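# Secondary and tertiary structure notes
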Amino acid sequence: MEPAIITNVTRSMEIWKEEVFGPVLCVKTFTTEEEAIELANDTHYGLGAAVISKDLERCERVSKGFEAGIVWINCSQPCFSQAPWGGKKRSGFGRELGERGLENYQNVKQVTRYISDQPWGWYKPPSQ
């Protein structure tokens, strides 16, 4: 598939609302950081986002505002197997990769042992 750049995109267009897995770029202009964040979050999905700027403080502010599981600053889409991978909203539940990803495959059990010989609420400890 040939790469495509779509301009004059409006927020009501399906291409604006849906995740597109292909070489497609939708172009939408904005005036303020707040508007840019609002536009970026105007979707049911939130796998990844990127912000590119020489102003690193702006990058930090904008990245905090994105509703995405992964945010790249001044780069796009490097993947590290040690870091958790997953999205927000309809783009993912849970995480893969890294320690957080392993948690999805674990079944944790809680075991509580009462060690006092004093009653606890209605519970009376067994006689020794």
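Refer to the structure presented above.
Owing to the predicted nature of the structure, the values given are computational and were not obtained by experimental measurement. (Residues numbered from 1 in each chain as written. Predicted model: local features only at pLDDT ≥ 70, side-chain atom pairs only at ≥ 80, totals over all residues. Heavy atoms only, no water.)

So, about helix α2 (residues 33–41). Turning to α2, its buried residues number three or more, namely Glu33, Ala36, Ile37, Leu39 and Asn41. Residues of α2 that are buried make contact with α1 (14–17), α3 (56–65) and β6 (88–89). (Buried < 20%, exposed > 50% of the residue type's maximum accessible area, 1.4 Å probe, protein only. Helix = DSSP H or I, 4+ residues; strand = E, 2+ residues; numbered from the N terminus. Contact = heavy atoms within 4.5 Å.)

With respect to the helices and strands, the residue Asn41 is situated in helix α2. Since its relative accessible area comes to 15%, Asn41 is described here as buried. Among the polar contacts listed, one links the side chain of Asn41 to the backbone nitrogen of Glu67, at a separation of 2.8 Å. Look past the residues within four positions of Asn41 in its chain and what remains in contact with it is Gly65, Phe66, Glu67 and Lys89. (Polar contact = N/O pair within 3.5 Å; in protein donor to acceptor, adjacent residues only side chain to side chain.)

With respect to the helices and strands, the residue Glu57 is situated in helix α3. The class for Glu57 is exposed, based on a relative accessible area of 60%. For Glu57 and Met1, which are 56 residues apart along the polypeptide, the C-alpha to C-alpha distance reads 37 Å.

According to the stated counting rule, one finds six salt bridges in the structure shown. Between Arg61 and Glu33 there is a salt bridge, with the nearest N and O atoms lying 2.6 Å from each other. With Arg61 in helix α3 and Glu33 in helix α2, this pair connects stretches of sequence that are 28 residues apart. Here Lys89 and Glu67 are joined by a salt bridge, their closest N and O atoms 2.7 Å apart. Within this pair, whereas Lys89 is found in strand β6, its partner Glu67 is found in the loop between α3 and β5 (70–73), the two being separated by 22 residues in sequence. With a relative accessible area of 35%, Lys89 lands in the partly exposed category. The network of salt bridges with common partners includes Arg11, Lys17, Glu38 and Asp42. (Salt bridge = Lys/Arg side-chain N within 4 Å of Asp/Glu carboxyl O.)

By themselves these figures say nothing about function.
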